[in-house]
Amino acid sequence: MDPRTLCFLSCGLLICVISAEIQEGGRTPKAQKKKDVKAASPGEGKPSGAPGRRKPKSDPDRRQKSLQMKTPVEAAAPSPLAPSILTRVAGRGHFQKVGDSLSLRAGEPLELRCRGKVVYWRVPVNLEEESEGRLRIKHFGQHSRLQLVNSTGADTGEYICWARGCQDAACTEGEDRQGKTFIFFTDPEELFVPTENYYEVVQLRSHQSVLLPCQVTNPLAQVTLHREFPPEEIPVDGTDISFDVKKGFTIHQPRASLAGSLFCLASLGGMRQISTKYMLIYIKYPSSPPKPTIQASATSVLLGENFSVTCMVLSEPEIAVDFSWEYPGQKLGRPPYVSEQVDTVRRKGQVQQEAGSTLYVEEARAGDAGVYTCRATNLQGTGAASTRVQVTRSPHVSPAPS
């Protein structure tokens, strides 16, 4: 072989060896880097802060993000509330919690259930004496069931149940619970709950509020209060007069100007209806029972003399006071001779009413001696006062000096 050819081949072989070594050296750092990544897995890495290593951020960041997403959901979850004892059966196996009120169409059946071993129900007045079999109440071991069929607008009202959670066999001890709801049975032909009376007399008492019970069958109806004569709408300001869709109009500040015939007017869509008419009679009520005072014309009289006993009552103006007497002559069959009077007086800068009754006794007898009692009665109660009268045979005369 030519020396030059041999030299060329030797040089080529040397170049291949060096090139292979260079390539092998390039793979080694890559393998080491892969090994380092594996070593950085949790539990195998160096302590945080070790040079040449970075703590992976992926796991803590993902955990923190997960907590942040869960926290609002957990905070917004409502705390468990004690379940209501009253529910409505809306379908087979479907129970619905009842709220403050519920609206159903007239004719629609109603089924309520009240949880408890001993249960009592209260229903609207229309159903209290129901005799057509529309209302059925049945008690079970752990609940009571109320069923109403062929419902009408007259069944509108409050449905209440009381249940006792018995702690002993006789159910003499336990916690009483109550469930209630107001149910409107909407009737397109009856905007007001029907009543039997065309006119209803209502006492308008000066000292207490009064209710005009014009209940509607539909809570969406607009209701106003009106006077029949002269025809006018009565303003409802929420203070002197207020309206509750479940009750009607309440007059909080009764006054004489409201006396007369009033009625309610309901409007819904294009329909208008009036309620029962209420005849309001204003009655001035006293602030307290009467406190009578009594005085006789003489505490001691002679046989055959006339005398009188007077009973007086001070009160607010226009307060009716009735008087009655108890006197010794009643036992003798002596009829009472009484006169009554009412005057207006001013005492301590205030106008007051002074009512009085006077009992007259003519030609006094021995049987007229004794206690005289006056009883005065007003709308708040009765008060009494008494005095004693003596009847003597002759005046006491001191003996003449000798």
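Summary of the structure given here. Fair warning: this is a prediction, and the values are worked out from it, not measured in the lab. (Residues numbered from 1 in each chain as written. Predicted model: local features only at pLDDT ≥ 70, side-chain atom pairs only at ≥ 80, totals over all residues. Heavy atoms only, no water.)

## Some remarks on the overall build of the protein chain
Stage number 1. Helix and strand content of the protein chain: three helices and 26 strands.
Stage number 2. Classification of the 402 residues of the protein chain by burial places 32% in the buried group.
Stage number 3. Sequence separation of at least 24 residues holds for 65% of the intrachain contacts in the protein chain that already meet a minimum separation of 6.
Stage number 4. For the protein chain, the exposed surface amounts to about 26600 Å²; the carbon and sulfur share of it is 53%. (Helix = DSSP H or I, 4+ residues; strand = E, 2+ residues; numbered from the N terminus. Buried < 20%, exposed > 50% of the residue type's maximum accessible area, 1.4 Å probe, protein only. Contact = heavy atoms within 4.5 Å. Areas by Shrake-Rupley, 256 points an atom, 1.4 Å probe, with all protein chains shown as cover.)

## With respect to the packing of aromatic side chains
Stage number 1. Inspection of every chain in the model, using the stated rule, returns four aromatic pairs.
Stage number 2. Taking the centre distance of 4.7 Å and the plane angle of 45 degrees together, the rings of Phe-243 and Phe-249 count as tilted.
Stage number 3. Residue class for Phe-243 comes out partly exposed when judged on its relative accessible area of 31%.
Stage number 4. When the ring of Phe-307 is compared with that of Tyr-372, the centres are 5.9 Å apart and the planes differ by 85 degrees; the resulting orientation is edge-to-face. (Phe/Tyr/Trp six-rings, centres within 6.5 Å; stacked < 30°, edge-to-face > 60°.)

## A look at the state of the cysteines
Stage number 1. Per the counting criterion, the structure on display carries three disulfides.
Stage number 2. With a sulfur-sulfur separation of 2.1 Å, Cys-114 is cross-linked through a disulfide to Cys-161. In this structure the cystine formed by Cys-114 and Cys-161 twists about its S-S bond by roughly 75 degrees; its chirality is therefore right-handed. Taken together, the residues span a long stretch of sequence, with Cys-114 in strand E4 (residues 110-115) and Cys-161 in strand E8 (residues 157-166) at a distance of 47 residues.
Stage number 3. Paired by a disulfide, Cys-311 and Cys-374 hold their sulfur atoms 2.1 Å apart. (Disulfide = S-S within 2.5 Å.)

## A look at unusual backbone geometry
Stage number 1. Residue Phe-229 is joined to Pro-230 through a cis peptide bond whose omega torsion reads -15 degrees.
Stage number 2. As for its placement among the helices and strands, Pro-230 is situated in the loop between strand E12 (222-227) and strand E13 (232-234).
Stage number 3. Of note in this structure, Asn-150 is not a glycine but carries a positive phi near 50 degrees.
Stage number 4. Its location among the elements puts Asn-150 in the loop between strand E7 (143-148) and E8.

## A few points about the layout of surface pockets
Stage number 1. Size it by volume and the largest pocket reaches roughly 850 Å³.
Stage number 2. Around the largest pocket sit 32 residues that line it, and Val-125, Val-193, Pro-194, Thr-195 and Gln-215 are the ones nearest its centre.
Stage number 3. Here the residues of the lining of the largest pocket sort into 15 nonpolar, nine polar and eight charged. (1 Å grid on protein atoms, 1.4 Å probe; cavity = no way out; pocket = protein on both sides within 12 Å on 5 of 7 lines; lining within 4 Å. Points joined across faces, edges and corners; volume = space filled by probe spheres on them. Nonpolar A, V, L, I, M, F, W, Y, C, P; charged D, E, K, R; others polar.)

## Quick look at the environment of Glu-228
Stage number 1. Considering the arrangement of structural elements, one finds Glu-228 in the loop between E12 and E13.
Stage number 2. Looking at Glu-228, the relative accessible area reads 14%, which means it is buried.
Stage number 3. In this structure, the C-alpha to C-alpha distance between Glu-228 and Gly-260, residues 32 residues apart in sequence, is 8.0 Å.
Stage number 4. Excluding residues that lie within four positions of it along the chain, Glu-228 makes contacts with Tyr-199, Ser-261, Phe-263 and Lys-277.
Stage number 5. Engagement of the side chain of Glu-228 in a polar contact is seen with the side chain of Ser-261, the distance being 2.6 Å. (Polar contact = N/O pair within 3.5 Å; in protein donor to acceptor, adjacent residues only side chain to side chain.)

## Some points on the side chain of Ser-151
Stage number 1. Relative to the helices and strands, Ser-151 resides in the loop between E7 and E8.
Stage number 2. Polar contacts involving the side chain of Ser-151 include one to the main-chain carbonyl oxygen of Glu-108, which spans 2.7 Å.
Stage number 3. Setting aside its immediate chain neighbours within four residues, Ser-151 contacts Arg-105, Ala-106, Gly-107, Glu-108, Arg-134 and Phe-185.

## Considering the pairing of strand E14 (residues 241-244)
Stage number 1. Alignment of E14 against strand E15 (residues 248-251), held across four bridges, turns out to be antiparallel. Bridged to Ile-241 within E15 is Ile-251. (Pairing = 2+ DSSP bridges.)

## A look at the nonpolar core
Stage number 1. Ranked by size, the top nonpolar core spans 22 residues in total, and within it Phe-307, Val-309, Phe-323, Trp-325 and Tyr-372 carry the most contacts.
Stage number 2. Elements with a contribution of two residues or more to this core: strand E19 (293-296), strand E21 (307-315), strand E22 (322-326), strand E24 (350-361), strand E25 (370-378) and strand E26 (381-392).
Stage number 3. Of all the elements, E21 adds the most residues to this core, at four residues.
Stage number 4. Other than its neighbours up to four places away in sequence, Phe-323 contacts Cys-311, Val-313, Glu-340, Ala-355, Gly-356, Ser-357, Cys-374, Arg-375 and Ala-376.
Stage number 5. Grouped together as the second largest cluster of nonpolar side chains are 21 residues, Leu-191, Leu-204, Ile-234 and Ile-251 included. (Core = buried A, V, L, I, M, F, W, Y, C linked by side-chain atoms within 4.5 Å.)

## Details of the side chain of Asp-368
Stage number 1. By the element assignment, Asp-368 lies in the loop between E24 and E25.
Stage number 2. Other than its neighbours up to four places away in sequence, Asp-368 contacts Phe-307, Pro-328, Gly-329, Leu-332, Arg-334, Val-361, Glu-363 and Val-391.

## A short note on the pattern of salt bridges
A side chain with one charge can pair with a side chain of the opposite charge if their charged atoms come near.
Stage number 1. In the structure shown here, the tally under the stated rule is ten salt bridges.
Stage number 2. The residue Arg-227 makes a salt bridge to Glu-232 at a minimum N-O spacing of 3.1 Å.
Stage number 3. The partner of Asp-368 in a salt bridge is Arg-334, and the shortest N-O contact between them spans 3.0 Å. Of this pair, Asp-368 sits in the loop between E24 and E25 while Arg-334 sits in the loop between E22 and strand E23 (337-347); the two residues are 34 residues apart in sequence, bridging distant segments of the chain.
Stage number 4. Given a relative accessible area of 1%, Asp-368 falls into the buried group.
Stage number 5. One connected set of salt bridges, linked through shared partners, spans Glu-132, Arg-134 and Asp-155. (Salt bridge = Lys/Arg side-chain N within 4 Å of Asp/Glu carboxyl O.)

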